[in-house]
Amino acid sequence: MGQLDGKVAFITGAARGQGRSHAIRLAREGADIIAVDICDQLESVRYPMGTAAELAQTVKEVESLGRRIVATRADVRDISALRQAFETGAAELGAVDIVLANAGIGAGGATVGEDQEWDEVLAVNLKGVWNTGRVAIPSMIQRGKGGAIVLTSSTGGLIGVGIPTAGFLGYTAAKHGVIGLMRSWANFLAPHSIRVNSVAPTAVRTPMAADGNLGAIMARNPDLGRALSNAMPVDLVEPEDVSEAVLWLVSDAARYVTGTVIPVDAGQLNKR
């Protein structure tokens, strides 16, 4: 018997990385999954983004656990496409109990102008989270059975990263905005027994960190590298580490936890 038997979870950015890890972890506990990913490349993103084949792999891994999954290619910036993906999944799997607004991009495209860099990171990392909530929240309220929402922020949503480029400034601003959005939704939704929290990971071992340009920037700037290093002797945490925090937040074990930020940061914030 799993902690999430009978639940349905809506997860954005589910083709790989943290999103896939969350889908697998929640499925292992009995949840069925509505999975969304853009499966396309944005010009401002330096590293290769998730693909349709990777989203299909997420489907395969969830189904191998005996759970159902509806996976759709959709851009979180496109409210109509996102709503269609949500409604299609809910029609097949049932009403949504859990929402993970996980989709996000790293900053720092080398071939685009700074306005495009800023606009794309804000659109995905902040507006995309807002879109995810406004697609899912009305049905959760109408159903009247509570629920849990987790918004993926970052340690960059709690500190100033200190890199004065459009991409990193936009990323930091967006992740701070996610926390503000979480706190506002938590207050609004508490009377409906819908809990809203955030996770704030340090760098996670995903293509965004491994193939992005943060490592290169830190290597060129030792002072910045020391500032962003973790207190514990790890350079990156694993996606599964974040998934364990997410599982706790959406489970009954955290039934009275709302409006909080859970750092999965190997002590980075405390070290500063």
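Note that the coordinates shown come from a computational prediction; the quantities given were computed from them, not determined experimentally.

1. A word on the overall build of the chain
- Helix and strand counts for the chain come out as ten helices and seven strands.
- Along the longest, intermediate and shortest principal axes, the C-alpha atoms of the chain span 50 × 35 × 35 Å.
- A buried classification covers 54% of the 272 residues belonging to the chain.
- For the chain, the proportion of contacts with a sequence separation of at least 24, taken over those separated by at least 6, is 78%.
- Working note: accessible area of the chain is about 11700 Å², and carbon and sulfur atoms make up 52% of it.
- Taking the average location of the 25 positive side-chain charges in the chain and that of its 28 negative ones, the two points are 5 Å from each other.

2. Structural notes on the nonpolar core
- Counting residues in hydrophobic clusters, the biggest one holds 48 residues, and the most contacted among them are Phe10, Ile105, Ile149, Leu151 and Val196.
- Every element with two or more residues in this core is listed here: strand E1 (8-12), strand E2 (32-37), helix H3 (79-93), strand E4 (98-101), helix H4 (114-143), strand E5 (147-152), helix H5 (166-189) and strand E6 (194-201).
- The element that contributes the greatest number of residues to this core is H5, accounting for ten residues.
- Among all residues touching Val196, those that are not within four sequence positions of it are Ile149, Leu151, Met182, Trp185, Ala186, Leu189, Thr258, Gly259 and Thr260.
- If you look at the next biggest cluster of nonpolar residues, it comprises 33 residues, including Ala15, Val59, Ile98 and Ala245.

3. Notes on the packing of aromatic side chains
- Within the structure shown, the criterion is met by one aromatic pair.
- Ring geometry for Phe10 versus Phe86: centroids 5.0 Å apart, planes at 75°, classification edge-to-face. One end of the pair, Phe10, is in strand E1; the other, Phe86, is in helix H3, and 76 residues separate them in sequence.
- Judged by relative accessible area, Phe10 falls into the buried class, the value being 0%.
- Over the ring of Trp130 we find Arg134; its NZ or CZ atom is 3.7 Å from the centre of that ring.

4. Some thoughts on the environment of Leu169
- As for its position among the elements, Leu169 is in helix H5.
- Residue classification places Leu169 among the partly exposed residues on the basis of a relative accessible area of 46%.
- Distance from Leu169 to Trp118, taken between C-alpha atoms, is 7.8 Å for residues 51 residues apart in sequence.
- Apart from residues lying up to four places away in sequence, Leu169 is in contact with Trp118, Ile163 and Pro164.

5. Some remarks on the pairing of strand E3 (residues 69-73)
- Two strands pair when backbone bridges link them, and E2 and E3 are joined in this way by five bridges, in the parallel orientation. Residue pairing across strands places Val36 opposite Thr72, the latter belonging to E3.
- As a crossover connection, the stretch from E2 through helix H2 (residues 52-64) into E3 is right-handed.

6. Focus on the environment of Ser80
- Along the chain, Ser80 turns up in helix H3.
- Sequence spacing of Ser80 and Ser198 is 118 residues, and the spatial spacing of their C-alpha atoms is 25 Å.

7. A few points about helix H9 (residues 239-250)
- Taking 1.5 Å of rise per residue, the twelve residues of H9 would be expected to cover 16 Å, and the 17 Å separating its terminal C-alpha atoms lies within 8% of that figure.
- Listing the buried residues of H9 in full gives Pro239, Val242, Ser243, Ala245, Val246, Leu247, Leu249 and Val250.

8. Here we look at the pairing of E5
- The buried fraction of E5 amounts to five of the six residues, a majority that puts the element mostly inside the structure.
- For E5 and E6, the ladder comprises six bridges, and the chain directions are parallel. In the strand pairing of E6, Gly147 is matched with Ile194.
- The parallel pair E5 and E6 is bridged by H5, and the resulting crossover is right-handed.

9. Observations regarding the sheet that holds E6
- Read across the open sheet, the seven strands follow the order E3-E2-E1-E4-E5-E6-E7; overall the sheet is parallel. Only two strands of the sheet have a single neighbouring strand rather than two, namely E3 and strand E7 (261-264). Sheet twist, expressed as the mean angle between neighbouring strand axes with direction ignored, is 15°.
- Pairing of E1 with E4, which is carried by three bridges, proceeds in the parallel orientation. Of the residues in E4, the one forming a bridge with Phe10 is Val99.
- On top of the sheet, H3 reaches E1, E2 and E3; it is set at about 160° to E2, its chief contact.

10. Quick notes on the packing of H3 against H4
- For the pair H3 and H4, the least separation of the axes is 9 Å and the interaxial angle reads 40°. When the interaxial angle is binned, H3 and H4 end up oblique. The hand of the H3/H4 crossing is right-handed. Only Asn131, Thr132, Arg134, Val135, Ala136 and Ser139 of H4 make contact with H3, whose side of the interface consists of Ile79, Leu82, Arg83 and Phe86.
- Per-class residue counts for the contact of H3 with H4 are five nonpolar, three polar and two charged.

Reading guide: rules and limits
- Residues numbered from 1 in each chain as written.
- Predicted model: local features only at pLDDT ≥ 70, side-chain atom pairs only at ≥ 80, totals over all residues.
- Heavy atoms only, no water.
- Helix = DSSP H or I, 4+ residues; strand = E, 2+ residues; numbered from the N terminus.
- Buried < 20%, exposed > 50% of the residue type's maximum accessible area, 1.4 Å probe, protein only.
- Contact = heavy atoms within 4.5 Å.
- Areas by Shrake-Rupley, 256 points an atom, 1.4 Å probe, with all protein chains shown as cover.
- Lys, Arg positive; Asp, Glu negative; His and termini not counted.
- Charge placed at Lys NZ, Arg CZ, Asp CG, Glu CD.
- Core = buried A, V, L, I, M, F, W, Y, C linked by side-chain atoms within 4.5 Å.
- Phe/Tyr/Trp six-rings, centres within 6.5 Å; stacked < 30°, edge-to-face > 60°.
- Lys NZ or Arg CZ within 6 Å of the ring centre and 35° of its normal.
- Pairing = 2+ DSSP bridges.
- Right-handed = clockwise from strand over helix to strand, strands pointing away.
- Expected span 1.5 Å × (residues − 1).
- Axes fitted to C-alpha atoms, helices over the stretch in contact; angles between N-to-C directions.
- Parallel < 35°, antiparallel > 145°, perpendicular 65-115°, else oblique.
- Left-handed = near helix turned anticlockwise from the far one by under 90°.
- Nonpolar A, V, L, I, M, F, W, Y, C, P; charged D, E, K, R; others polar.

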